Amino acid sequence: MKMEPISTGGAAVSSIAFSVLTALLEARTGQQLASYRSWRVDTALKPLIRERGLDTLDQLVAQLLDGNDAAIGDRIVDALVNQETSFFRDGPIFDQALEVLAACERRRPRVWSAGCSTGQEPLSLAMAIADRSAGGLPPVDIIATDVSDAAIQRAKSGKFTQFEVQRGLPIRQLMKWFDGGDASEWFAKPELVRMIQWRRHNLVAEAALSGGFDLILCRNVMLYLSPATRVAVYAGLAKALKPGGVLVLGAGETVIGQSDALEPSRRWRGFYERVA
Amino acid sequence: MKTCLVVDDSKVIRKVARHILETLQFEVREACDGREALEACQAATPDVVLLDWNMPVMNGMDFLRALRESGMTQKPKVVFCTTENGMGHIRAAIEAGADEYVMKPFDRDTLESKLQIVGLV
Ligand SMILES: C[S@@+](CC[C@H](N)C(=O)[O-])C[C@H]1O[C@@H](n2cnc3c(N)ncnc32)[C@H](O)[C@@H]1O
Ligand SMILES: [Mg+2]
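Here is what the cut-offs are and how they apply
- Residues numbered from 1 in each chain as written.
- Chains lettered and ligands numbered in written order.
- Predicted model: local features only at pLDDT ≥ 70, side-chain atom pairs only at ≥ 80, totals over all residues.
- Heavy atoms only, no water.
- pLDDT = per-residue confidence, 0-100.
- Contact = heavy atoms within 4.5 Å.
- Helix = DSSP H or I, 4+ residues; strand = E, 2+ residues; numbered from the N terminus.
- Polar contact = N/O pair within 3.5 Å; in protein donor to acceptor, adjacent residues only side chain to side chain.
- Salt bridge = Lys/Arg side-chain N within 4 Å of Asp/Glu carboxyl O.
- Expected span 1.5 Å × (residues − 1).
- Buried < 20%, exposed > 50% of the residue type's maximum accessible area, 1.4 Å probe, protein only.
- Buried area = accessible area lost by both parts, 1.4 Å probe.
- Nonpolar A, V, L, I, M, F, W, Y, C, P; charged D, E, K, R; others polar.

Per an unreviewed UniProt entry, chain B goes by Two-component system chemotaxis response regulator CheY and derives from Sphingomonas jinjuensis.

The name given to chain A in an unreviewed UniProt entry is Chemotaxis protein methyltransferase CheR, with the source organism recorded as Sphingomonas jinjuensis.

**Q** Outline the confidence of the model for chain A, supporting the account with residue identities and numerical values.
**A** Across chain A, the average pLDDT comes to 89, with 91% of residues at 70 or higher. Scored below 50 in pLDDT, residues 5–11 of chain A makes 15 contacts in the model with residues more than four places away or belonging to other chains.

**Q** Describe the environment of A:Ser265, listing the residues and the values that go with them.
**A** Residue and element names in this part refer to chain A. Among the structural elements, Ser265 can be located in the loop between strand 11 (262–264) and strand 12 (272–274). Filtering out sequence-adjacent residues up to four positions away, Ser265 remains in contact with Phe271, Tyr272 and Glu273. Polar side-chain contacts of Ser265 include one of 3.1 Å to the backbone nitrogen of Arg267. Polar side-chain contacts of Ser265 include one of 2.9 Å to the backbone nitrogen of Trp268.

**Q** Outline the pattern of salt bridges, supporting the account with residue identities and numerical values.
**A** For the structure shown, the criterion picks out 23 salt bridges over all chains. A salt bridge links A:Asp131 to A:Lys176; its shortest N-O distance comes to 2.6 Å. Highlighted residues: A:Asp131 in helix 6 (residues 120–132) and A:Lys176 in helix 9 (residues 171–177), separated in sequence by 45 residues. Across the pair A:Asp214 and A:Lys242 runs a salt bridge, and its minimum N-O distance is 2.5 Å. You can see A:Asp214 sitting in strand 9 (residues 213–218) and its partner A:Lys242 sitting in strand 10 (residues 241–249), a full 28 residues away along the chain. What you see here is one network of salt bridges that share partners, running through B:Arg14, B:Arg18, B:Glu22 and B:Glu30.

**Q** Hey, could you go over helix 1 (residues 15–29) of chain A for me, with residue numbers and the actual values?
**A** All names here are of chain A. Look at helix 1: 21 Å from first C-alpha to last across 15 residues, which is about the 21 Å you get at 1.5 Å a residue. Regarding helix 1, the residues found buried are Ala17, Phe18, Val20, Leu21, Thr22, Leu24, Leu25 and Thr29. Immediately beyond the C-terminal end of helix 1, within one or two residues, lies Gly30, with a positive phi of roughly 80°.

**Q** Which residues make up unusual backbone geometry, and what values go with them?
**A** Residue and element names in this part refer to chain B. For the peptide bond that leads from Lys104 to Pro105, omega is 0°, which places it in the cis range. Assignment of secondary structure puts Pro105 in the loop between strand 5 (100–103) and helix 5 (108–117). The phi dihedral of Gln25 falls on the positive side, at around 70°, and the residue is not glycine. Here Gln25 is to be found in the loop between helix 1 (11–23) and strand 2 (26–31). For Val57, which is not glycine, the phi dihedral falls at a positive 70°. Note that Val57 resides in the loop between strand 3 (48–51) and helix 3 (60–69).

**Q** Can you explain the interface of chain B and chain A? Please cite residues and give values.
**A** Opposite the 19 residues of chain B that make contact, chain A presents 17 residues. When chain B packs against chain A, the two sides together hide about 1500 Å² of surface, and 58% of this comes from carbon and sulfur. By the criterion of area lost to chain A, the three top residues of chain B are B:Met87, B:Ile94 and B:Met103, representing 34% of everything that side buries. Summed over the shared surface of chain B and chain A, the result is one salt bridge. The closest approach of N and O atoms between A:Arg167 and B:Asp109, which form a salt bridge, is 3.9 Å. Linking chain B to chain A there are seven residue pairs in polar contact (both at pLDDT 80 or more). For the side of chain B that touches chain A, the secondary-structure elements that each account for two or more residues are helix 4 (87–95), strand 5 and helix 5 of chain B. Among the elements that make up the side of chain B that touches chain A, the one with the highest residue count is helix 5 of chain B (five residues). Grouping the constituent residues of the side of chain B that touches chain A by class yields nine nonpolar, three polar and seven charged.

See the structure below:
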């Protein structure tokens, strides 16, 4: 069979390999590889190719198609998905999220961080909540999910590199909530990590969590999905909110034109509310 | 334009920091030890001092103490920037009055993030 090479900005990847990877990623996460503008498939997968003792991407795809190794699909998806995140990303939204929680009538507000990557987002929220309430950790239930098991495992471990703890995290928060620093490794304190329930969950392939959430953060996840998939995921998120519950998206993301059940909030600037 | 005084005995570090800070729209000045830095601050207070710990003549901690005692009315923000990366050193620096702390090696994201935290970016 003749494989036509297509350019991905670096080495050539055969079009068959590329279609297999596109299909894998879309089936697992709803994400479209084609929509990554300057995405370099081979660069992202090079470490995995090397780790497996292989030379080319086509060989990796052949291993995937073999079906003998169940883990390889996960590993490929993890490498292809953008997991970029940082502590207190878009800082002011955390202040406003606290106001939303403070205004909750429920004694124990429920929060869902959907697409939490390696945990910086829910950990930031947990630190902010704990700092706001004097005298111990407050009763807020936080559930954090991601499609990537590797990301969830990392988040649960609470382990961060020196580089990661220096992005967005004020030094006083590091002093208060982290241990370590030896060998450039930092550990979020167990009581902080335990404020959060960590779970693998796929927003596209699984039903949304139920539980009438007061607040959902789903930031910088939707932008990689196809328009049709987005509509379906927004519908699920709306259902997961209690009536009047609040959805927070990433900077530059919007539900407008994609959901009848969610509307820009009048009360919380830049946030959305469940209206139906 | 905001000004940053880069204090480090390593010429290479000063150069790297200068380059990053200039892309962040800072006007950059340099000093190679605490004494020089103190003089520079007294001549014209910068918005922020990026401060190495280990330096000859006057180290970063001694500079910080001298700055706090100097009676200057307008004081710069102080961001430590050092290879002393343990919690003990961090605590000592913050207790001595530093505003933020960068652990070397740093990159553009780190510096930008820390300067954002002290309100300068
Ligand atoms: C760019 S990160 C954003 C992390 C964090 N929310 C933030 O804003 O900093 C996107 C995350 O969404 C996750 N993700 C992608 N598709 C997903 C899906 N279908 N279900 C759940 N999570 C998904 C990825 O694994 C990745 O960790
Ligand atoms: Mg030095």
